[in-house]
Amino acid sequence: MNESSDVLIVGAGPAGLALAAALGDAGLRCIVLEQQSRAAIDDPAEDGREIALTHRARRTMEQLGLWSAIDAAAVAPLREARVLDGDAPQSLRFAARSTADHDDDALGWLVPNHLIRRAALAAALRRPTTQLVCDARVTALERADKRATLTLADGRQWHAPLVIAADSRFSGTRRLAGIGASMKDFGRSVVVGRVAHERPNEGIAWECFRYGNTLALLPMNGDQVSAVVTLASHGAPEWLALPDEEFARRIESQSGGRLGVMRAVGPRHHYPLVAVYAERFVAPRFALIGDAAVGMHPVTAHGYNFGLYGVEVLARELQAVHARSGDIGALPPLLTYEREHRRVTLPIYLGTNALVSLFTDERGPAKLARQAVLRVAEHAPGLSTLIKAAVTRQLTGGVRASGAPGTPGALGAPSR
Ligand SMILES: Cc1cc2nc3c(=O)[nH]c(=O)nc-3n(C[C@H](O)[C@H](O)[C@H](O)COP(=O)(O)OP(=O)(O)OC[C@H]3O[C@@H](n4cnc5c(N)ncnc54)[C@H](O)[C@@H]3O)c2cc1C
């Protein structure tokens, strides 16, 4: 049996590591158990994910020291988002400038996922309270009255008053804790790849709901966009195997030549689209965080933003228990975290899944419905303002990048 800590975290992904940093600030010792090698965690490979971060997520990252560990040149401001349906002329526009509740001209920021992972590692290890154990695959969990015990594939064991699983949307530790999850397999995949382009992207993201596939263009610095193609999973191998010239040509043509001539840059990556929502987020001596609790469809860009929000709430609750020398594995404070995180995430999880169904259904009535949604939203001033304000508030969290929390807080949550 290995030396104990206050908390055992399974998974050194961006959620688990951000949590270790936050708990370190609360004076709690964390051991992070990660199945990958130390070399892979120290130098995470580029994975094609460009993560759109809200103002609130940025503020959390600043507080934990993640933001300053990211090269500013790799952070791309998202100034406006436009949604198009097929070849229909109308588009729905979301621009930061159109809101009255903040004065920053960015809706959010796009940051490559591997740089977030690296920054989260640096922030976690800067705290002397964090210990990282790599080549450590968790295969068993036992929970008793006073402590929980994790067993690794090689037989080593660790114990602590509380275990937190941050081991991805397909969390094995969640299953070991006897917690089920509802999963929605969209039967679709995303293929992502960067392309360089001729005309400036002006920080505008495009979401084009084409018939057959969906194309999102996410603006990067240096006249590049990340092209995100969503299509039926059986079509993904063909898109992955395309010669660079043909990939760029298809993106150029599907985006209506808006950004001029395109050229593929770097490798392409592929992700099957499965959304996951855990039935419970906590149990005695156990909690779920990050994608292990809520694994979002990426179209509304909430996954890691929710992960950071969960970190914020859970750390706040555990800090309060620790400050009064209470039992951090006891259920009541964990239940407070669960209630708050569920209240904030569940409506958006369900709404995102409904939106995806509407915008990927190629039957006539669905096409008409979404064209109507876009037309009405863009031209009925009252509705348009409401929808845009809600979406923009989601992105900005109603806070200034460096300011105090507004009301409501990020991702629709009231700030405390
Ligand atoms: C294409 C795409 C685009 C996205 N875009 C956005 C976006 O714009 N905005 C946004 O907010 N989010 C976005 N996301 C979501 C975001 O990437 C995730 O929410 C985030 O990476 C999840 O982090 P995590 O730490 O919870 O899990 P992960 O990153 O999956 O990390 C889990 C870790 O646990 C380890 N592990 C697993 N099992 C074990 C075990 N048994 N023992 C020990 N270790 C284990 C794994 O090796 C891994 O290191 C996107 C996702 C995708 C796929």
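Residues numbered from 1 in each chain as written. Predicted model: local features only at pLDDT ≥ 70, side-chain atom pairs only at ≥ 80, totals over all residues. Heavy atoms only, no water.

**Some words on the overall build of the protein**
Each helix and strand counted, the protein has eleven helices and 20 strands in total. For the protein, buried positions account for 56% of its 416 residues. Counting every atom, the protein has about 17000 Å² of accessible surface; 53% of that belongs to carbon and sulfur. (Helix = DSSP H or I, 4+ residues; strand = E, 2+ residues; numbered from the N terminus. Buried < 20%, exposed > 50% of the residue type's maximum accessible area, 1.4 Å probe, protein only. Areas by Shrake-Rupley, 256 points an atom, 1.4 Å probe, with all protein chains shown as cover.)

**Side note on the side chain of H159**
Looking at the secondary structure, you find H159 in strand β11 (residues 157-160). A distance of 3.5 Å separates the side chain of H159 from the side chain of R147, its partner in a polar contact. (Polar contact = N/O pair within 3.5 Å; in protein donor to acceptor, adjacent residues only side chain to side chain.)

**Section: the packing of aromatic side chains**
Under the definition given, this model contains five aromatic pairs. Seen in terms of ring centroids, Y277 and Y349 are 4.9 Å apart; in terms of plane orientation they differ by 50 degrees. Their pairing is tilted. Here Y349 lies in helix α9 (residues 331-360) and Y277 lies in strand β17 (residues 262-278), a separation of 72 residues in the sequence. The class for Y277 is buried, based on a relative accessible area of 4%. A relative accessible area of 4% means that Y349 is categorised as buried. Consider the rings of F281 and Y337, whose centres lie 6.4 Å apart with planes at 40 degrees: the pair is tilted. Here Y337 lies in helix α9 and F281 lies in the loop between β17 and β18 (282-283), a separation of 56 residues in the sequence. The exposure class of Y337 is buried, given its relative accessible area of 0%. Through a chain of ring-to-ring contacts, the aromatic side chains of Y277, F281, Y337 and Y349 assemble into a single cluster. Across the ring face of W239, the terminal group of R250 is positioned such that the distance to the ring centre comes to 4.9 Å. (Phe/Tyr/Trp six-rings, centres within 6.5 Å; stacked < 30°, edge-to-face > 60°. Lys NZ or Arg CZ within 6 Å of the ring centre and 35° of its normal.)

**Notes on the sheet that holds strand β5 (residues 80-85)**
Pairing is mixed in the open sheet, where eight strands are placed in the order β6-β5-β14-β15-β16-β13-β17-β20. Only two strands of the sheet have a single partner each, and these edge strands are β6 (91-95) and β20 (294-295). Bridging between strand β13 (residues 181-197) and strand β16 (residues 224-232) involves nine bridges; their strand directions are antiparallel. The partner of A196 across the bridge, within β16, is Q224. (Pairing = 2+ DSSP bridges.)

**Some remarks on the pattern of salt bridges**
This model, assessed by the stated rule, comprises 18 salt bridges. A salt bridge links D47 to R49; its shortest N-O distance comes to 3.9 Å. Using a relative accessible area of 13% as the deciding quantity, one classes D47 as buried. With a relative accessible area of 37%, R49 lands in the partly exposed category. (Salt bridge = Lys/Arg side-chain N within 4 Å of Asp/Glu carboxyl O.)

**Comments concerning the site of the ligand**
Lining the immediate surroundings of the ligand are 29 residues, of which E34, R49, A52, D291 and Y304 lie closest. Backbone polar atom of A301 to a nitrogen atom of the ligand: 3.3 Å apart, as the coordinates give it. In the model, an oxygen atom of the ligand is placed 2.8 Å from a nitrogen or oxygen of the Y304 main chain. For the ligand, the protein covers 90% of the area, taking 1000 Å² as the surface of the free molecule. Those elements that provide at least two residues to the shell around the ligand are α1 (14-25), β3 (50-53) and α8 (303-323). (Near = heavy atom within 4 Å.)

**What about helix α7 (residues 244-254)?**
Of the residues making up α7, those classed as buried are F247, A248, R250, I251 and Q254. Seen end-on, α7 carries its buried residues on one side only, within an arc spanning 160 degrees. Looking at the buried side of α7, the elements it contacts are β13, β15 (213-220), β16, α6 (236-241) and β17. Just past α7, the residue G256 takes up positive phi, approximately 65 degrees. (Arc of directions from axis to C-beta. Contact = heavy atoms within 4.5 Å.)

**Let's talk about the pairing of β15**
For β15, the tally of buried residues reaches eight of eight residues, placing the bulk of the element in the interior. Of the two faces of β15, the one carrying N213, L215, L217 and P219 and the one carrying T214, A216, L218 and M220 are both buried. Pairing geometry for strand β14 (residues 204-209) and β15, over four bridges, is antiparallel. Bridge pairing in β15 links E207 to A216. Pairing between β15 and β16: eight bridges, direction antiparallel. Looking at β16, one finds that T214 is bridged to T230. What sits between the antiparallel neighbours β15 and β16 is a turn of three residues, in which G222 has the positive phi angle 70 degrees.

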